[in-house]
Amino acid sequence: MSEASNTSFRDYFKEVMQDPEERRLYREVLEEELRNLLVYLRKRRRLTQQALAERLGVTRSRVSQMEASAGLSTSLEALARYAQALGLSLRLEFADEDGEVLARYSLSPDEPLGETPRTPAG
């Protein structure tokens, strides 16, 4: 793909994102993609919501709520805990407009995130 076509797409995207309705729709797509990704990863690890809840020290309904409401406002800590409960690393990249990665953040599944949530008694 040539630089000209990249530039024209970027310009088009910036123009489209000036429309509040288009921005709202784009955000909805991004949030749906994150929700679907969380469910996909859990199922790929062959875990039920209940099994994941036990790993997180929360209720099954809380996992269901996390998966249903995940979106751009989901905290990095919540995503990190979810990934760790699946035995996965979390990696975050910061890239410029040309796609060059300027910085990376990575958290392995065994790195502590602070206090471990209490497992419900019983």
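For the structure, check the block above.
Everything in this summary refers to the structure shown in the same document.

About the cut-offs
Residues numbered from 1 in each chain as written. Predicted model: local features only at pLDDT ≥ 70, side-chain atom pairs only at ≥ 80, totals over all residues. Heavy atoms only, no water. Helix = DSSP H or I, 4+ residues; strand = E, 2+ residues; numbered from the N terminus. Buried < 20%, exposed > 50% of the residue type's maximum accessible area, 1.4 Å probe, protein only. Contact = heavy atoms within 4.5 Å. Areas by Shrake-Rupley, 256 points an atom, 1.4 Å probe, with all protein chains shown as cover. Phe/Tyr/Trp six-rings, centres within 6.5 Å; stacked < 30°, edge-to-face > 60°. Axes fitted to C-alpha atoms, helices over the stretch in contact; angles between N-to-C directions. Parallel < 35°, antiparallel > 145°, perpendicular 65-115°, else oblique. Nonpolar A, V, L, I, M, F, W, Y, C, P; charged D, E, K, R; others polar. Arc of directions from axis to C-beta. Patch = residues over 30% accessible without salt bridge, like charges linked within 9 Å, V, L, I, M, F, W, Y side chains within 5 Å. Salt bridge = Lys/Arg side-chain N within 4 Å of Asp/Glu carboxyl O.

1. Considerations on the overall build of the protein chain
Now for step 1: Regarding its fold elements, the protein chain presents five helices and two strands.
Now for step 2: In sequence order, the protein chain lays out its α and β elements as α-α-α-α-α-β-β.
Now for step 3: The 122 residues of the protein chain split such that 20% are buried.
Now for step 4: The long-range share in the protein chain, meaning contacts at least 24 apart out of those at least 6 apart in sequence, stands at 51%.
Now for step 5: Of the roughly 9100 Å² of accessible surface on the protein chain, a fraction of 52% belongs to carbon and sulfur atoms.

2. Observations regarding the packing of aromatic side chains
Now for step 1: Per the stated rule, a full pass over the model turns up two aromatic pairs.
Now for step 2: A centroid spacing of 6.2 Å and a plane angle of 25 degrees characterise the contact between F9 and F13, whose relative ring orientation is stacked. Here F9 pairs with F13, and both are found in helix α1 (residues 3-16), just four residues apart, close to one helical turn.
Now for step 3: What makes F13 partly exposed here is its relative accessible area of 29%.
Now for step 4: Between F13 and Y26 the ring centres are 5.2 Å apart and the planes differ by 75 degrees, which places this aromatic pair in the edge-to-face class. Of this pair, F13 sits in helix α1 while Y26 sits in helix α2 (residues 20-44), and the two are 13 residues apart along the sequence.

3. Section: the packing of α2 against helix α4 (residues 60-69)
Now for step 1: Viewed as axis vectors pointing N to C, α2 and α4 meet at an angle of 135 degrees, and their least axial separation amounts to 7 Å. Relative to α4, α2 is oriented oblique. Within the contact between the two elements, α2 uses R35, L38, V39 and R42 and α4 uses M66, E67, A68 and S69.
Now for step 2: Broken down by class, the residue content of the contact of α2 with α4 amounts to four nonpolar, one polar and three charged.

4. Quick notes on helix α3 (residues 49-56)
Now for step 1: Taken together, the buried positions of α3 are Q49, L52, A53 and L56. Down the axis of α3, the sector holding all buried residues measures 105 degrees, keeping them to one side. Facing away from the buried side of α3, by more than 90 degrees, are the exposed residues E54 and R55.
Now for step 2: On its buried face, α3 sits against α2, α4 and α5 (76-85).

5. A look at a nonpolar patch on the surface
Now for step 1: Nonpolar side chains collect at one region of the surface, where L76, L92, F94 and Y105 lie side by side and expose about 360 Å² of accessible area between them.
Now for step 2: Within the secondary structure layout, L76 lies in helix α5.
Now for step 3: Among the residues examined, L76 registers a relative accessible area of 40% and is labelled partly exposed.

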